[in-house]
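Remarks on the overall topology
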Amino acid sequence: MTMVVLPLMLCLHLAAAACTNPTCSSPPCAAALLGDVGCTTVSGTETLKHELVAAGGTISSNAHIYGPFEAGFTSKQDSIIKNWGCSTPSVVYDADGGKDINVAEKFVAHACNIQFPRTVGTEYIGVVGPCGGHTGDYHFHRSFSCLYSEAGGHSSKVGDVASYSMYGKWEDFAGNKLPFLDACGGHFGPTPESSGANVYHYHAQDRAPLTIGCHGPSASGGLVGISQCRALYTECGDGDQKTIETADGSVTYDLFCPCYDADGSNVGTKELPALSTSEISYDASGSTPSPSSSPTPVPSPSASSSPTPVPTPSSSSSPTPAPSPSAPSSPTPSPSPSPSAPSPTPTSGGKVDAAVRAYLGNIQITSVALMLLLRLLY
């Protein structure tokens, strides 16, 4: 796949262009790695100043929706990098690009030893603004946070991605539920427009691919797994992996591969939970999305809950050991309690009765055991 990679901020010098929603006639399809993967359908208001957008500025509808990747940092962005607070811009030069915005910001923060992104007064300092986009020809890489309200149930629609709709990140905000998503970033479920029908649609997400990884659903009309997603891109598994240093440690990263596994890695192979569950959402308070555990099986009744068996002569589990007969020829004696048998502890009321009954029960069991023994002997 031949790709023209423009420096990250070069579009500051380009005239704004209308967004073009792509088509995917036979999904799944590869999505553009740098360029439109969809278009927004609503406008929003930016909360803080970022680059050319003032605090309170309007983000118009039909803005570009891009995938997760930045296009690289070079000397052409020196002034921008210095404005981030990085005194030596060259430490973050990266002509290749191909890192998702989240990893790119962690890389800059670590290399420049700064907090990044951050807010200073009414200005937001980051690769993208708080709403999730940047530059004069405004395009989104993540979040869409100013295009929908975090309230109620399912997030509202923010855009169109080929033939399907893109929504904010919540499956059920009031219920604190986030959606299980496939490798493309979509799933089947009801939406505010579907009248209860389960339809394929996308959600913004806090982890890569942030917007979409590919155009779904699968060829069979189901969810798209990570291997299916990676098969759509020559950039996945092409040998250009890099080790990226962040404050959280080293990250092995396959540049421009937009298909991420359950651990958030685009080189790992742990399948996404959405592919192994019929559930469509999970509790957002959990640190890692995973299907709910299967119901705990009802335990089988334990041996102790069964009726107490009549002891056999050799049983060592009888409450009180059976006394030995005084002589083989003697008539069947009436059993006497073993001298070592404990006397019931005096208690009050019904507790005394219960203790006495238990004690007499032990004697009765001992009598039966003794009679059986004598019959076997004679």
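Overview of the structure. (Residues numbered from 1 in each chain as written. Predicted model: local features only at pLDDT ≥ 70, side-chain atom pairs only at ≥ 80, totals over all residues. Heavy atoms only, no water.)

Any two side chains of opposite charge can pair, given that their charged atoms come close. All chains considered together, the criterion is met by 9 salt bridges. Glu105 serves as the salt-bridge partner of Arg142, at 3.0 Å between the closest nitrogen and oxygen. Of this pair, Arg142 sits in the loop between strand E8 (139-140) and strand E9 (157-161) while Glu105 sits in helix H2 (residues 101-112), placing them 37 residues apart in sequence. Taken individually, Arg142 and Glu105 each receive the classification buried, so the pair is uniform in this respect. For Lys169, the salt bridge is made with Asp206, and the minimal N-O distance between the two is 2.9 Å. Placement of the pair is Lys169 in the loop between strand E10 (164-167) and strand E11 (177-179) and Asp206 in the loop between strand E13 (199-203) and helix H3 (226-230), with a sequence separation of 37 residues. Looking at Lys169, the relative accessible area reads 17%, which means it is buried. (Salt bridge = Lys/Arg side-chain N within 4 Å of Asp/Glu carboxyl O. Helix = DSSP H or I, 4+ residues; strand = E, 2+ residues; numbered from the N terminus. Buried < 20%, exposed > 50% of the residue type's maximum accessible area, 1.4 Å probe, protein only.)

By the definition in use, this model includes 7 disulfides. The partner cysteine of Cys19 in its disulfide is Cys39, sulfur to sulfur 2.0 Å. Linking Cys19 and Cys39, the disulfide has an S-S dihedral of approximately -90° and is accordingly described as left-handed. Note that Cys19 is positioned in the segment before strand E1 (38-40) and Cys39 in strand E1, a separation of 20 residues in sequence. What makes Cys19 buried here is its relative accessible area of 10%. Look at Cys39 and you get buried, because its relative accessible area is 5%. Covalently, Cys86 is tied to Cys112 through a disulfide, its sulfur atoms 1.9 Å apart. Across the disulfide from Cys86 to Cys112, rotation about the S-S bond amounts to roughly -75°, and the bridge is consequently left-handed. (Disulfide = S-S within 2.5 Å.)

The 8 strands are arranged E7-E8-E4-E1-E9-E10-E13-E12 in an open sheet whose pairing can be described as mixed. For this open sheet the edge positions go to strand E7 (133-134) and strand E12 (186-189), each flanked by a neighbour on one side alone. In the sheet, E9 pairs with E10 via 4 bridges, with the strands oriented antiparallel. By the bridge assignment for E10, Asp160 is matched with Ser165. (Pairing = 2+ DSSP bridges.)

Looking at the element boundaries, Thr47 is found in the loop between strand E2 (44-45) and strand E3 (58-59). With relative accessibility at 56%, the residue Thr47 sits in the exposed group. With 75 residues separating them along the chain, Thr47 and Thr122 place their C-alpha atoms 8.3 Å apart. The contact partners of Thr47, leaving out residues within four places of it in the chain, are Ala55 and Pro130. (Contact = heavy atoms within 4.5 Å.)

Trp84, Val108, Phe116, Phe140, Phe144 and Tyr233 are the most contacted members of the largest nonpolar core, which totals 63 residues. Looking at this core, the elements that each hand over two or more residues are helix H1 (78-83), H2, E9, E13 and H3. If one sorts the elements of this core by residue count, H2 sits on top with 7 residues. (Core = buried A, V, L, I, M, F, W, Y, C linked by side-chain atoms within 4.5 Å.)

Read these as layout, nothing more, since geometry by itself doesn't imply function.
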